[in-house]
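Residue strings, one per chain:
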Amino acid sequence: MIKKINHIAIIVPDLDSSLSFWRDTLGLTLTHTEEVKGQESIVAFLPTGDSEVELVKPTTETSGAARFLAKRGPGLHHIALEVDDLDEMLMRLKEKGVRLINETPVVAAGGNRAAFIHPESANGVLVELYETKAG
Ligand code: ZN
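Bear in mind that the values here come from a model prediction, so they are computed numbers and not experimental data.

## Regarding the environment of Ile101
Item 1. Checked against the element boundaries, Ile101 lands in the loop between helix H3 (86-95) and strand S6 (106-107).
Item 2. Residues Ile101 and Val83, 18 residues apart in the sequence, show an inter-C-alpha distance of 17 Å.
Item 3. If sequence neighbours within four positions are ignored, Ile101 has contacts with Phe116, Ile117, His118, Pro119 and Leu126.

Next up, the structure:
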């Protein structure tokens, strides 16, 4: 079951200059910054009520995120849908022939579990399925 939009991720080349807009100009609060090794990125979370804005800055030149940024420039990167049971959701999507980037969950920010759906299966949008530790 999908519970809500957990976060919307924006890919950026530089966190400080992005924070000067999202935090300092818009007035959102930066709650935490974290390096996500598996995704070769540093991420910054700014809550907006029940959901968050996630700024993603690639830390290598070769990751999917880095190639996305090089090709398209900064902008909307993915939408994260929070699910209560990621394994069950992945099984269901595989049965339906949905193209997945991650067939099995990977470790996301905060030790949460995530898996990405390929944009080809989701009308051009990169969708992250996100299961929080809290459940
Ligand atoms: Zn995300």
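Once you've had a look at it, read on.
## As for the sheet that holds strand S1 (residues 2-11)
Item 1. One open sheet holds the eight strands; their spatial order is S2-S3-S4-S1-S5-S8-S7-S6, and the pairing between them is mixed. Only two strands of the sheet have a single partner each, and these edge strands are strand S2 (32-36) and S6.
Item 2. Where strand S3 (residues 41-48) meets strand S4 (residues 51-58), eight bridges bridge the pair, whose relative direction is antiparallel. The residue of S4 that forms the bridge with Val43 is Val56.

## A look at the coordination of the zinc ion
In an ideal tetrahedron of four donors about a metal, each angle is 109.5 degrees. In an ideal octahedron of six donors, the angles are 90 or 180 degrees.
Item 1. Coordination of the zinc ion by the protein involves His7 (NE2), Glu54 (OE), His78 (NE2) and Glu128 (OE), with metal-donor separations of 2.0 to 2.5 Å.
Item 2. Geometry at the zinc ion is irregular, judged from the four donor atoms that bind it and their angles of 80 to 171° at the metal.
Item 3. Here the donor residues of the zinc ion are spaced in sequence according to H-x46-E-x23-H-x49-E. You can see Glu54 sitting in strand S4 and its partner Glu128 sitting in strand S8 (residues 127-131), a full 74 residues away along the chain. For the pair Glu54 and Glu128, a shared accessibility class is recorded, and that class is buried.

## Quick word on empty space enclosed by the protein
The method is simple in principle: a probe with the dimensions of a water molecule rolls over the atoms, and the space it marks as empty is what remains.
Item 1. Across all of its chains, the model carries one cavity of 30 Å³ or more by this definition.
Item 2. Considering only enclosed or pocket space, the largest cavity measures out at about 40 Å³ in volume.
Item 3. Lining the largest cavity are His7, Val36, Gln39, Val43, Phe45, Glu54, His78, Ala108, Ala109, Phe116, Glu128 and Tyr130.
Item 4. Looking at the lining of the largest cavity, the elements with two or more residues in it are S3 and S8.
Item 5. Class assignment for the residues of the lining of the largest cavity results in seven nonpolar, three polar and two charged.

## Describing the packing of aromatic side chains
Item 1. Tallied over the entire structure, the rule returns one aromatic pair.
Item 2. With a centroid separation of 5.2 Å and 80° between ring planes, the pair formed by Phe21 and Trp22 is classed as edge-to-face.

## Things to note about the layout of surface pockets
Item 1. Within this model, the largest pocket holds a volume of roughly 520 Å³.
Item 2. As for the largest pocket, its lining consists of 21 residues, of which Ser63, Gly64, Ala65, His77 and Leu126 are closest to the centre.
Item 3. Those elements that provide at least two residues to the lining of the largest pocket are S3, helix H2 (64-72) and strand S5 (75-83).
Item 4. In terms of residue count, H2 provides more of the lining of the largest pocket than any other element does, six residues in total.
Item 5. Split by residue class, the lining of the largest pocket holds nine nonpolar, eight polar and four charged.

Reading the values: rules and limits
- Residues numbered from 1 in each chain as written.
- Predicted model: local features only at pLDDT ≥ 70, side-chain atom pairs only at ≥ 80, totals over all residues.
- Heavy atoms only, no water.
- Helix = DSSP H or I, 4+ residues; strand = E, 2+ residues; numbered from the N terminus.
- Contact = heavy atoms within 4.5 Å.
- Pairing = 2+ DSSP bridges.
- Donors = N, O, S within 2.8 Å, 3.2 Å for Na, K, Ca; no water.
- Tetrahedral: all angles 85-135°; square planar, octahedral: opposite > 155°, others 65-115°.
- Buried < 20%, exposed > 50% of the residue type's maximum accessible area, 1.4 Å probe, protein only.
- 1 Å grid on protein atoms, 1.4 Å probe; cavity = no way out; pocket = protein on both sides within 12 Å on 5 of 7 lines; lining within 4 Å.
- Points joined across faces, edges and corners; volume = space filled by probe spheres on them.
- Nonpolar A, V, L, I, M, F, W, Y, C, P; charged D, E, K, R; others polar.
- Phe/Tyr/Trp six-rings, centres within 6.5 Å; stacked < 30°, edge-to-face > 60°.

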